[in-house]
Amino acid sequence: MLPFSAARAALVILSTLALAGCVTTAGVRDSAVPEAIADMAAVPGALATTVPATDAEPIRYWGDAQLEEGKSFKFTPGPDGAVDFLSLSGGGINGAYGAGFLVGWTQSGERPEFEVVTGISVGALIAPMAFLGPSYDGRLTEVFSSLASQKSPNLNFISAALGAPSIASNTPVLKAIRRLIDPGTVTAIAVEHLKGRRLLVGTTNLDAERPVIWDIGAIAASNIPDRLDLIQQILLASAAVPGVYPPVLIDVRAAGGKFDELHVDGGVTQQIVLLPDGLDSLPGRANLYVVYNGAIEPSSEPVNVTSLSVLERSIPTLLKYRGRGDIAILTNMVERSGINYRLTAIPPNFPQPQNALFGGPEWLAALYQYGVESGSMGAWHRSN
């Protein structure tokens, strides 16, 4: 059997979903938030997506909208008056690089305590451990090692054709999240949030076709009864690659009614999460570190003239240039602000896995170790 790849998955998904439209109505929802009141939707026990007119602390923001005039995103600079800001991108299996880079960075003795940490997709899984500091490196290593050692999941294309929400189960991912985020972790995040540090992750609200930034620290420090489960569900949604893993329904209230929102991989709408006000609230003394879990430079490879080969090459190229576009926008913002900026990414000459969606144990272990070596050497590919 040929090794499975993301492009083959995409091709089969497109075909099976076309069939599904003819044979099933499974999965139809009547509980989605009506567009007219989408801005009013709030998680039970919390505040709405958009920043309210009060001084109360919201737990989430639209990722494509500016804060209200006169509002700014509040956090506390470090003891030296500067803000160290870490952003962890999406990238699926390439997240092994980011996890390894953090561990290597710790080993170098140069890793700062971050005042702000953001993450999206696989970066959202790494972000809480990065936020809590080097003492959580062991947990991060353990979980990624466990994921790397697992066999590729069984892919159920027939169920997808009959209306199932995905071709693979997200059970291994949820187990990993539950090992990363337990009651003690939530308490630790809340303590740091109350000190003025911030932990943000991104999802995509697929109903609204808009990115959402979740303030995980605000949730951890809130009185929301099921805040542990909510944080785990947000991380699960952020890593829910559409069609591959099931989307996540998050219960909300709006205009006195009960609804739900369909959230998927944050990387659908953005690869790098900044702040709800972009970089406007950062002081002049700020250091922005971006760990990009992927390659951003082109790599040459002969392509056979078949529809499958063209698709296999085109999809990664599309995603790569989407990431390049996000980085270009970020670079322009940084240059205007004068913020110190560093970026690391996987080099184009790092070998590609045979299994483009799930990697394989040996490849993942090699990428993780490469990340450790890069972090310990301070291998920043761009710096100003």
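The shown structure was predicted, so the numbers you read here are calculated from the model rather than taken from an experiment.

Undergrad: Describe the overall build of the protein, naming the residues involved and giving the relevant values.
TA: Helix and strand counts for the protein come out as eleven helices and ten strands. A total of 384 residues make up the protein; the buried ones form 51% of that total. As displayed, the protein has an accessible area near 17,400 Å², and 56% of this comes from carbon and sulfur atoms.

Undergrad: So what about helix 6 (residues 171-180)? Which residues, and what values?
TA: Among the residues of helix 6, Val173, Leu174, Ala176, Ile177 and Leu180 are the ones counted as buried. Around the axis of helix 6, the buried residues are gathered within 160° of arc, so they sit on the same side.

Undergrad: Break down the confidence of the model for the protein for me, with residues and values.
TA: Summing up the model confidence of the protein, the mean pLDDT is 81 and the portion of residues at 70 or higher is 79%. Low pLDDT (under 50) marks residues 48-55, which in the prediction has 25 contacts with non-local residues, meaning those over four places away or in another chain. Predicted confidence is poor over residues 155-164, with pLDDT under 50, and the contacts of this stretch with residues over four places away or in other chains come to 27 contacts.

Undergrad: With reference to specific residues and values, describe the pattern of salt bridges.
TA: Inspection of the entire model under this criterion finds eight salt bridges. As a salt-bridge pair, aspartate 39 and arginine 210 come within 3.9 Å of each other at their nearest N and O atoms. One end of the pair, aspartate 39, is in the loop between helix 1 (6-23) and strand 1 (60-62); the other, arginine 210, is in strand 5 (residues 210-215), and 171 residues separate them in sequence. Aspartate 39 gets classed as partly exposed once you look at its relative accessible area, which sits at 40%. On the basis of relative accessible area, arginine 210 is assigned to the partly exposed category, the value being 21%. A salt bridge links arginine 179 to glutamate 142, with the shortest nitrogen-to-oxygen separation between them at 2.7 Å. Note that arginine 179 is positioned in helix 6 and glutamate 142 in helix 4 (residues 137-149), a separation of 37 residues in sequence. Judged by its relative accessible area of 35%, arginine 179 falls in the partly exposed class. The exposure class of glutamate 142 is partly exposed, given its relative accessible area of 45%. Linked by salt bridges that have partners in common, Asp39, Asp64 and Arg210 make up one network.

Undergrad: Now, about the packing of aromatic side chains: what can you tell me, with residues and values included?
TA: Tallying each qualifying case throughout the model produces 13 aromatic pairs. With centroids separated by 5.9 Å and ring planes inclined at 80°, the aromatic side chains of tyrosine 61 and phenylalanine 73 adopt a geometry described as edge-to-face. Taken together, the residues span a long stretch of sequence, with tyrosine 61 in strand 1 and phenylalanine 73 in the loop between strand 1 and strand 2 (83-88) at a distance of twelve residues. Tyrosine 61 gets classed as buried once you look at its relative accessible area, which sits at 7%. On the basis of relative accessible area, phenylalanine 73 is assigned to the buried category, the value being 5%. The interplanar angle of 70° and the centroid separation of 5.1 Å between the aromatic rings of phenylalanine 101 and tryptophan 380 together place this pair among those described as edge-to-face. Taken as a pair, phenylalanine 101 in helix 2 (residues 95-108) and tryptophan 380 in the loop between helix 11 (361-377) and strand 10 (382-383) lie far apart in primary sequence, 279 residues in all. Comparing phenylalanine 101 with tryptophan 380, the two get one shared label, buried. The structure contains a cluster of three or more aromatic residues connected by ring pairs, namely Tyr97, Phe101, Trp105, Phe114, Tyr289, Phe350, Trp363, Tyr370 and Trp380. When the ring centre of phenylalanine 131 is taken as reference, the NZ or CZ atom of arginine 197 above it lies at 4.2 Å. Here the basic side chain of arginine 210 rests over the ring of tryptophan 62, its NZ or CZ set 4.0 Å away from the ring centre.

Undergrad: Pulling in residues and values, what's your account of the packing of helix 3 (residues 122-132) against helix 7 (residues 183-194)?
TA: With their axes 10 Å apart at the nearest point, helix 3 and helix 7 run at an angle of 60° to one another. Relative to helix 7, helix 3 is oriented oblique. Viewed along their axes, helix 3 and helix 7 form a crossing whose handedness is left-handed. The segment helix 3 lies against helix 7, with Pro128, Met129, Phe131 and Leu132 engaging Thr185, Ala188, Ile189, Glu192 and His193. Across the contact of helix 3 with helix 7, the residue classes tally to six nonpolar, two polar and one charged.

Criteria and thresholds
Residues numbered from 1 in each chain as written. Predicted model: local features only at pLDDT ≥ 70, side-chain atom pairs only at ≥ 80, totals over all residues. Heavy atoms only, no water. Helix = DSSP H or I, 4+ residues; strand = E, 2+ residues; numbered from the N terminus. Buried < 20%, exposed > 50% of the residue type's maximum accessible area, 1.4 Å probe, protein only. Areas by Shrake-Rupley, 256 points an atom, 1.4 Å probe, with all protein chains shown as cover. Arc of directions from axis to C-beta. pLDDT = per-residue confidence, 0-100. Contact = heavy atoms within 4.5 Å. Salt bridge = Lys/Arg side-chain N within 4 Å of Asp/Glu carboxyl O. Phe/Tyr/Trp six-rings, centres within 6.5 Å; stacked < 30°, edge-to-face > 60°. Lys NZ or Arg CZ within 6 Å of the ring centre and 35° of its normal. Axes fitted to C-alpha atoms, helices over the stretch in contact; angles between N-to-C directions. Parallel < 35°, antiparallel > 145°, perpendicular 65-115°, else oblique. Left-handed = near helix turned anticlockwise from the far one by under 90°. Nonpolar A, V, L, I, M, F, W, Y, C, P; charged D, E, K, R; others polar.

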